[in-house]
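These are the residues of each chain, in order.
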Amino acid sequence: MPLEATPYLLSIDHLLSEDERLTWEATREFCQRRIAPNIEHHYEKATFPRELIPEFGEMGLLGSTLAGYGCMGMNPVAYGLTMIELERQDSGIRSFCSVQSALVMWPIHTYGSEAQKERWLPGMAKGELIGCFGLTEPNAGSDPGSMRTHAKQDGPGGDFVISGQKFWITNSPLADVCLVWAKTLEHGSDTPVIRGFLVPRESKGLSTPETKGKLSMRASVTGEIVLDEVRVPADAMLPKISGLKGPLSCLTQARYGIGWGVLGAAMDVYERARRYTLERVQFDRPIASFQLTQQKLVELHNEIGKGLLLAYHFGRLKQEGKLTPVQVSILKRDNVSMALQAARTARSMLGGNGIMGEFHIMRHLCNLETVFTYEGTHEIHTLAIGRAITGLGAFG
Ligand SMILES: Cc1cc2nc3c(=O)[nH]c(=O)nc-3n(C[C@H](O)[C@H](O)[C@H](O)COP(=O)(O)OP(=O)(O)OC[C@H]3O[C@@H](n4cnc5c(N)ncnc54)[C@H](O)[C@@H]3O)c2cc1C
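Residues numbered from 1 in each chain as written. Predicted model: local features only at pLDDT ≥ 70, side-chain atom pairs only at ≥ 80, totals over all residues.

A few points about the overall build of the protein chain
Note the following rule: The secondary structure listing takes helices from DSSP runs of H or I that are at least 4 residues long and strands from runs of E that are at least 2 residues long, numbered from the N terminus. Based on C-alpha atoms, the radius of gyration is set beside the globule rule, defined as 2.2 Å times the residue count to the power 0.38.
From N to C terminus, the protein chain includes 11 helices and 9 strands. For 396 residues, the compact-globule estimate of 2.2 N^0.38 gives 21 Å, and the C-alpha radius of gyration of the protein chain, at 22 Å, lies within 12% of that figure. Taking the principal axes of the C-alpha coordinates as reference, the protein chain spans close to 80 × 50 × 40 Å.

Next up, the structure:
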């Protein structure tokens, strides 16, 4: 059997439209040509390949599911296939596109005013403007409702003055605009409500220091958003959403893409482990001929296939407008967990070489540790699914 053609016995090819197949192939070719050659270098140096951002725009990978404003209007399955190819290269590259598309462009498109959409979306679709999503704080991670960042209305024009600190924010050091979630008191009420604010880079009192020293997601830029009495006009607030459901609905969009994307990382580690074990000889035989090695390959292959079928099924439900947030929790939780386990198994199959950068598996493994934690930890999604099937919340 030729080494290049890794068999997948649980393929979805026959379920895809011609357009979906072409999108998948074009994205794979682009990622292979433009990302693969330098990704290990970027990971080692902890840098992000900024020069590729306009090319992501040209490929329609930014805000791809949105309609108008220069976006592609892709269906959810085609979008999922692009996520696979981005994450086949590196979870950090997929994270860049996920944040820009699902966490910043999607809320502007869904909850923004016409002026906000026109100001930000066309430039973001082209990759000329970069966005970040500020929800997590030093003391508010899994429980974002406990955030302390606040916005106070001030002056005759109704400006907001925002103070607080956001932590672990993908793309913040690069961002032209930060979507900051903050609590504010609305007229006549003593109960603060969460609102989203579009804070431009040039705002006085805004800084975005980079977080150094990550041993995971090194090819992704992460930082803080520090807001020291940042004044923004009243029309910087997203007008069509209030409450925790604002940021949570954005996360549902992003988690859907993650549930597809991690399949790409899992495919890459499986394909590398298969090639390696067919070539590596010990005890006078390729190590792929040992039963224990075949068992590992079969596990990887079958779990990836099942994950792909789940993503496809939920993709078609999303296309019909029927996908629920708890189904997205199942997709994110189970596919990330599967991919992380696949990377650990594949790493072991390469023996000592498995820890080396040039064999790429350790990089995926380290990245997937972050994916397991961000966008709702594995445990929090378990609790969300547990609540849905028992009717009993076990969060706190
Ligand atoms: C590289 C990276 C990029 C990120 N990018 C962004 C971004 O762009 N924007 C953004 O807003 N955030 C971002 N995050 C933050 C991420 O979403 C949080 O790290 C995540 O929500 C977990 O919060 P925490 O780290 O504070 O952990 P904690 O909430 O302190 O959790 C620690 C542990 O306790 C467990 N735990 C917490 N509560 C419960 C409970 N009730 N029951 C059982 N177990 C529980 C958790 O599952 C976890 O295992 C990013 C994080 C990383 C690492």
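So much for the structure itself; the text now carries on.
A look at the site of the ligand
Selection criterion: To decide whether a residue is near a molecule or strand, its C-beta atom is placed from the backbone and checked for lying within 6 Å of it. Residue type decides the class: Asp, Glu, Lys and Arg count as charged, Ala, Val, Leu, Ile, Met, Phe, Trp, Tyr, Cys and Pro as nonpolar, and the leftover types, Gly among them, as polar. Domain start and stop positions are those given by an automatic or database domain assignment.
Around the ligand sit 22 residues in total, of which Leu135, Gly141, Ser142, Thr377 and Glu379 are the nearest. Looking at the shell around the ligand, the elements with two or more residues in it are strand 1 (131-134), strand 3 (159-170), helix 10 (361-373) and helix 11 (378-390). Counted by class, the shell around the ligand contains 10 nonpolar, 10 polar and 2 charged residues. Shared between two domains, the shell around the ligand takes at least three residues from each, and those domains are domain 2 (132-242) and domain 3 (246-390).

What to know about the pairing of strand 5 (residues 193-200)
The criterion, for reference: Counting other C-beta atoms within 10 Å of its own, a residue is labelled buried from 20 upward, exposed at 12 or fewer, and partly exposed in the gap between, with every C-beta atom placed from the backbone. For two strands to be treated as a pair, DSSP must find at least two bridges joining them.
By the criterion of burial, strand 5 is predominantly enclosed, with 6 of the 8 residues buried. With 8 bridges joining them, strand 4 (residues 177-184) and strand 5 adopt antiparallel strand pairing. For Thr184, the partnering residue across the bridge sits in strand 5 and is Val193.

Focus: the nonpolar core
For soluble globular proteins, the rule of thumb is that nonpolar side chains tend to be buried together. For clarity, the threshold we go by: The nonpolar core criterion groups buried Ala, Val, Leu, Ile, Met, Phe, Trp, Tyr and Cys residues into a set whenever they are joined through C-beta atoms within 7 Å. In this description, a residue-residue contact is defined by the distance between C-beta atoms placed from the backbone, which must lie within 7 Å.
Among the nonpolar cores identified, the biggest contains 104 residues, and Phe197, Val199, Ala266 and Ala339 are the most heavily contacted of them. With 15 residues, the single largest contributor to this core is helix 7 (residues 245-279). Residues contacting Ala266, with those up to four places away along its chain left out, are Ile304, Gly307, Met338, Ala339 and Ala342.

Overview of the pairing of strand 2 (residues 150-154)
Looking at chain direction, strand 2 and strand 3 are connected through 5 bridges and run antiparallel. In the strand pairing of strand 3, Asp154 is matched with Asp159. The antiparallel hairpin formed by strand 2 and strand 3 contains 4 residues in its connecting segment, where Gly155 sits at a positive phi of about 90°. Two strands pair when backbone bridges link them, and strand 2 and strand 4 are joined in this way by 2 bridges, in the parallel orientation. Across the sheet, residue His150 finds its bridge partner in strand 4, namely Lys183.

Some remarks on the packing of helix 9 (residues 325-349) against helix 10
To keep things clear, this is the line we draw: Throughout, an axis means a line fitted to C-alpha atoms (over the contacting stretch in the case of helices), and angles, computed between N-to-C directions, take values from 0 to 180 degrees. Under this scheme an angle from 65 to 115 degrees is roughly perpendicular, one under 35 degrees roughly parallel, and one over 145 degrees roughly antiparallel; angles in between are oblique. For any helix crossing, the convention is left-handed if the near helix is rotated counterclockwise from the far helix by under a right angle, and right-handed if that rotation is clockwise.
Running from N to C, helix 9 and helix 10 point in directions that differ by 155°, and their axes come no closer than 9 Å. The orientation of helix 9 with respect to helix 10, classified from their angle, is roughly antiparallel. Crossing of helix 9 over helix 10 shows left-handed handedness. Two secondary-structure elements touch here, helix 9 through Val336, Ala339, Leu340, Ala343, Arg344, Ala346 and Arg347 and helix 10 through Ile361, Met362, His364, Leu365, Leu368, Val371 and Phe372.

Regarding the environment of Gly354
Here Gly354 lies in the loop between helix 9 and helix 10. Along the backbone, Gly354 and Ala273 are 81 residues apart, and their C-alpha atoms lie at a distance of 9.1 Å. Not counting chain neighbours up to four residues away, the residues in contact with Gly354 comprise Arg347, Ser348, Met349, Phe359, Ile361 and Met362.

Here's the deal with helix 8 (residues 291-319)
Definition in use: Expected helix span is given by 1.5 Å per residue-to-residue step, counting one fewer step than there are residues.
With 29 residues, helix 8 should cover 42 Å at 1.5 Å per step; its first-to-last C-alpha distance of 42 Å lies within 8% of that length. Residues of helix 8 that are buried sit in contact with helix 4 (76-89), helix 7 and helix 9.

Details of helix 5 (residues 91-111)
Spelled out, the test is: Bend is the name given here to the angle between axes fitted to two runs of seven residues, the run ending at a residue and the run starting at it.
At Met105, helix 5 shows its maximal bend, which comes to roughly 35°, and the proline Pro107 appears one to four places after that position. Of all the 21 residues making up helix 5, 20 are buried; the element is thus mostly covered by neighbouring parts of the structure.

Read these as layout, nothing more, since geometry by itself doesn't imply function.
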